[in-house]
Amino acid sequence: MDVSLPKQSVLLIKKSANGEGMPALSSGESIKTGGKISDAEGKLLAYSPVTGTVAEIYNLPRVDGDFTAVDVNTSENDVWDENCRGIDNYFDREPGALVSLLCDSGFALDIRKDERPDAVILNCLESDLLVSINRNVLAEYGDTIRRGLRLLKRISGSDIVIIAVPGDLRDFAEKVAVDGSERIAVVDLLKPLYPFGMKEIIPRALSRKGIRRPLVITPEYLNSIIVFLEHGSPPVHKFITLIDRNNVRINMKVRIGTPISHILREGNIKISELDKLVLGGTMRGKSSFHAEFPVTADIDAIMVQDRDAVVTLGNEACVNCGKCIGVCPNKLQPHLLARYSEFSLFERCRDYDIDYCIECGLCAYVCTSRRALVHYIVFAKKELAKMAKEGDHAIESDNIGEGLACHPVK
Amino acid sequence: MPSSEIKYRNLVISSAPHIHEGRSYSGAMYTFIIALLPAVIFAISRYGMDAARVIAVSIASAMASEYIIQKLFRKPVAINDGNALLMGLLMAFILPPSVPWWLIVVGCFFSILVGKQIFGGRGGNTFHPVLLGWVTLRFSWADYINYSYGAINYTLNFSVEYPLHVLKKSGAAAVSGLNYLDLFLGNQVGGTGASAVLLILIGGLFLIARGVISWRIPFSYLAGVAATASVFWLADSAKYADPLFHIVVGNVMIGAFFFATDYSSSPANKTAMLIFGFGCGLFTVLFRILSNNPNGVFFAILFMNILFPLLDKIRPAVPGKVMKEA
Ligand code: SF4
Ligand code: SF4
């Protein structure tokens, strides 16, 4: 289902730690779909997802950080920015140049010269429970994705290309894997189990072992790269799964920046006091205290949970039952991490490999004492990051492959 | 989006995940209790009102102790989480049916106070609370909780001597005539409920099937008993009883499935669980054979309770880490 354009869109731009992320825009300025939005120094921050006039620019905190929000009064006359032009013969360009071009254009592609990926994995599993985006994109945009895999094979310099799909998508995957008479990828059938679809886990779920530094990409993201190269149009749409309180799901194609309230209206979902609105799926989604947040590229699902279905995770004492250890995909000690975090012993969390926690949520899902384990762990991670920043300014993150907040960063 | 326009206020905020598999601590406690019910019926049918009395007094005093202590310590009262009820039931199960009521009260009070609340309440105990209570009784009023003396007043269709006492006094030959199947079916003196070995085993398997406990501790426990007893038995079968005897008599079954598996006083890591269980089994037999006191099970578990935090340091390698470092 395609969601109609809202009257007002909100573009979110993530602020970096040093306060960057302020677009050089002013109220009343008109922008066109796909147009670049840069800061005063000309650094690309985002692409405009709609055509219209800028109404207001302000700060907007979200659970995962601070954003600059740009309200745009959308025009019904949706026109593409004239600078959106495809790249001729992009396939034949020098790989390094193509990678830098994509990175400069805001795509997160983790291909470095010094450390080439040893495999390309097309991850057609889903990032969370109840989400069903990737499978639909694979089925619908097979041809584009095949071209995408060819391109990735070339620019990554890796011979191994694996399409990881749940068993029922085998036929679609085989069609994508073979180009004419040439096979460009192997198809690996996986059980559609959570959290196999997380990029950290999927290399281990494959039947091919020994992959150490894979380039993991979703069909949706690969599709948007190819569309960008061929037509010059940056990703302004996002596929999402709308999940209502009875777990009935609708897949939607939404313009980025569309307020969630608009989507709920179109999906005919009502939400009332004490219900929960989750941006994302059941295991990893972030809850939101109102429905005016816009869709961003990192949201795969919107879920409304009935007030009666809301589970409360708290701070009851851990009873040391070991369930959380048993389910942790990274074999961590979630009970200890949470306990150290609870008592502000963040350094101890590091001793217990807190950095390897991928926040899959499984530990809290099974916890006998219903402790908010992930909450504690995330808190400790934030505190450790703060401490690291205060302690050592020399550690600057490498920007390659960071991507823009308005892009499907996976 | 001026804030006056924000619709849908008062939504609930919480961290992920937004679902839970549905089990809870009190659910686990009540599952433990359900698993013990067949043995409760067995005990009452065998020892009549005496068993009912022991069980009732024990549960009542454990729950009352929990209530009073939580009030005194100004903690939230949580007697309906099932833990105190379970502790009371377990205490009743390992005391003989003839035990005087005041002894039960003392034992339960001690279990809850010293065993549980002083360690910080739920989740804090390093020892099994009931076993700490039992040790107190054992050193203060050993005769009252002696299984052989306890059974003297009943007409039973089997020997009123606790098989482990017989073994201790008269050696392996004296117990070789016993029918193990009979013992296994519960025809032996012992704790009020703990002697129903078969029913305890069924209850334990039920716990594993329900996912309340892991199979690792109970089965490695039984393996530990079997292995250690075999070593002695193979060395001198005239002097030492065979492994099967050690498994079917006394408190091994209830120890393995219901005491050693106590969440807070046993390890949480898988390998550590195996070592812990095996260690319990090993020391059970060693205590039975080498000490004067044939109740090896409880001392062995208490002993391993001391070691478990150390064992829990054995944790698996982090796969992502291995991958990056390789
Ligand atoms: S969220 Fe919990 S289960 Fe998942 S990786 Fe982190 S500690 Fe492990
Ligand atoms: S599942 Fe919960 S109660 Fe059990 S060990 Fe982990 S944190 Fe503790």
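These numbers come from a predicted model, not from an experiment. (Residues numbered from 1 in each chain as written. Chains lettered and ligands numbered in written order. Predicted model: local features only at pLDDT ≥ 70, side-chain atom pairs only at ≥ 80, totals over all residues. Heavy atoms only, no water.)

## A closer look at the sheet that holds strand 17 (residues 301-305) of chain A
Residues and elements named next belong to chain A.
- Read from one edge of the open sheet, five strands run 14-13-17-15-16, paired in mixed fashion. Looking at which strands have only one partner, the edges of the open sheet turn out to be strand 14 (249-255) and strand 16 (286-288). Strand-to-strand twist in this sheet, taken as the mean axis angle between neighbours without regard to direction, amounts to 30°.
- Where strand 13 (residues 237-243) and strand 17 come together, three bridges link them in parallel fashion. Within strand 17, the residue paired with Leu242 across the bridge is Ile302. (Pairing = 2+ DSSP bridges. Helix = DSSP H or I, 4+ residues; strand = E, 2+ residues; numbered from the N terminus. Axes fitted to C-alpha atoms, helices over the stretch in contact; angles between N-to-C directions.)

## Description of the interface of chain B and chain A
- Taken together, the contacts link 45 residues of chain B with 68 residues of chain A.
- Across the interface of chain B and chain A, roughly 4900 Å² is buried in total on both sides, 57% from carbon and sulfur atoms.
- Where chain B touches chain A, the interface holds two salt bridges.
- Measuring nitrogen to oxygen at the nearest pair gives 3.1 Å for the salt bridge that ties A:Glu316 to B:Arg122. (Contact = heavy atoms within 4.5 Å. Buried area = accessible area lost by both parts, 1.4 Å probe. Salt bridge = Lys/Arg side-chain N within 4 Å of Asp/Glu carboxyl O.)

## Brief notes about the site of ligand 1
- Every residue lining ligand 1 is accounted for by A:Cys328, A:Pro329, A:Pro334, A:Cys357, A:Ile358, A:Glu359, A:Cys360, A:Gly361, A:Cys363 and A:Ile377.
- Broken down by class, the residue content of the shell around ligand 1 amounts to eight nonpolar, one polar and one charged. (Near = heavy atom within 4 Å. Nonpolar A, V, L, I, M, F, W, Y, C, P; charged D, E, K, R; others polar.)

## Let's talk about the pairing of strand 15 (residues 276-279) of chain A
Residue and element names in this part refer to chain A.
- Burial of the side chains of strand 15 extends over both faces: Lys276 and Val278 are buried on one face and Leu277 and Leu279 on the other.
- One ladder, built from four bridges, connects strand 15 with strand 17; its direction is antiparallel. Residue pairing in the sheet places Val278 in a bridge with Met303 of strand 17.
- Counting the residues in the hairpin turn of strand 15 and strand 16 gives six residues, including Gly280, whose phi is positive at 125°. (Buried < 20%, exposed > 50% of the residue type's maximum accessible area, 1.4 Å probe, protein only.)

## As for the site of ligand 2
- Around ligand 2, the structure places A:Cys318, A:Val319, A:Asn320, A:Cys321, A:Gly322, A:Lys323, A:Cys324, A:His335, A:Cys367, A:Thr368, A:Ser369 and A:Leu373.
- Broken down by class, the residue content of the shell around ligand 2 amounts to six nonpolar, five polar and one charged.

## Examining the nonpolar core
- Formed by 99 residues in total, the largest nonpolar core has its most connected members in B:Tyr221, B:Phe245, B:Met253 and B:Phe258.
- Counting residues per element, this core draws most heavily on helix 1 (residues 25-47) of chain B, which supplies twelve residues.
- Every residue in contact with B:Tyr221, bar those within four places of it in the chain, is listed here: B:Val252, B:Gly255, B:Ala256, B:Ala260, B:Gly277, B:Phe278, B:Cys280, B:Gly281, B:Thr284, B:Val297 and B:Ile301.
- The next biggest cluster of nonpolar side chains, apart from the first, holds 45 residues, and it includes A:Ile111, A:Val120, A:Ile225 and A:Phe239. (Core = buried A, V, L, I, M, F, W, Y, C linked by side-chain atoms within 4.5 Å.)

## A look at the domain arrangement of chain A
- Taken domain by domain, chain A comprises domain 1 (8-74), domain 2 (90-231), domain 3 (237-305) and domain 4 (314-410).
- Averaged C-alpha coordinates put domain 2 of chain A and domain 4 of chain A at centres separated by 28 Å. (Domains from an automatic or database assignment.)

## A word on a positive patch on the surface
- On the surface, A:Lys14, A:Arg284, A:Lys286 and A:Lys382 cluster together into a patch of positive charge.
- Judged by its relative accessible area of 30%, A:Arg284 is partly exposed. (Patch = residues over 30% accessible without salt bridge, like charges linked within 9 Å, V, L, I, M, F, W, Y side chains within 5 Å. Areas by Shrake-Rupley, 256 points an atom, 1.4 Å probe, with all protein chains shown as cover. Lys, Arg positive; Asp, Glu negative; His and termini not counted. Charge placed at Lys NZ, Arg CZ, Asp CG, Glu CD.)

## Description of the pattern of salt bridges
Residue and element names in this part refer to chain A.
- Overall, the coordinates contain 28 salt bridges over all chains when judged by the stated rule.
- One salt bridge in this structure joins Arg150 and Glu182, with 2.5 Å as the shortest N-O distance. Separated by 32 residues along the polypeptide, Arg150 in helix 3 (residues 142-156) and Glu182 in strand 10 (residues 182-183) bring together distant segments of the chain.
- Since its relative accessible area comes to 26%, Arg150 is described here as partly exposed.

## Description of the side chain of B:Asn305
Residue and element names in this part refer to chain B.
- Within the secondary structure layout, Asn305 lies in helix 15 (residues 296-311).
- Overall, the relative accessible area of 0% leaves Asn305 in the buried class.
- Every residue in contact with Asn305, bar those within four places of it in the chain, is listed here: Thr126, Phe127, His128, Ser265 and Phe276.

## Here we look at unusual backbone geometry
- Cis geometry marks the peptide bond from A:Tyr194 to A:Pro195; its omega dihedral reads 0°.
- Tracing the backbone through its elements, the reader meets A:Pro195 in the loop between strand 11 (186-190) and helix 5 (202-205).
- Note that the residue after B:Ala16, namely B:Pro17, is joined by a cis bond; omega there is -5°.
- Of note, B:Pro17 is situated in the segment before helix 1.
- Of note, the phi angle at A:Asn320 is positive, near 65°, even though the residue is not glycine.
- Its location among the elements puts A:Asn320 in the loop between strand 17 and helix 8 (323-327).
- Of note, the phi angle at A:Ser344 is positive, near 60°, even though the residue is not glycine.
- Checked against the element boundaries, A:Ser344 lands in the loop between helix 9 (334-342) and helix 10 (346-351).
- A:Ser344 gets classed as partly exposed once you look at its relative accessible area, which sits at 48%.

## A closer look at a nonpolar patch on the surface
Residue and element names in this part refer to chain B.
- A cluster of nonpolar residues, Tyr67, Ile68, Leu72, Phe73, Val77 and Ile118, forms a patch on the protein surface that exposes about 570 Å² of accessible area.
- Within the element layout of this structure, Val77 appears in the loop between helix 2 (49-72) and helix 3 (83-94).
- On the accessibility criterion, Val77 (35% relative accessible area) is partly exposed.

## Quick look at the environment of A:Phe239
Residues and elements named next belong to chain A.
- Note that Phe239 resides in strand 13.
- For Phe239, a relative accessible area of 17% puts it in the buried group.
- Considering only alpha carbons, one finds Phe239 and Val131, 108 residues apart in sequence, at a separation of 10 Å.
- Sequence-distant contacts of Phe239, defined by excluding residues within four places in its chain, comprise Ile133, Val137, Tyr141, Glu220, Met252, Lys253, Ile299 and Asp300.

## Topic: the environment of A:Ile302
All names here are of chain A.
- With respect to the helices, strands and loops of the structure, Ile302 is situated in strand 17.
- For Ile302, a relative accessible area of 0% translates into the label buried.
- As a C-alpha pair, Ile302 and Leu264 span 38 residues in sequence and 8.9 Å in three-dimensional space.
- Not counting chain neighbours up to four residues away, the residues in contact with Ile302 comprise Ile240, Thr241, Leu242, Ile243, Ile260, Ile263, Leu264, Leu277, Val278, Gly280 and Val295.

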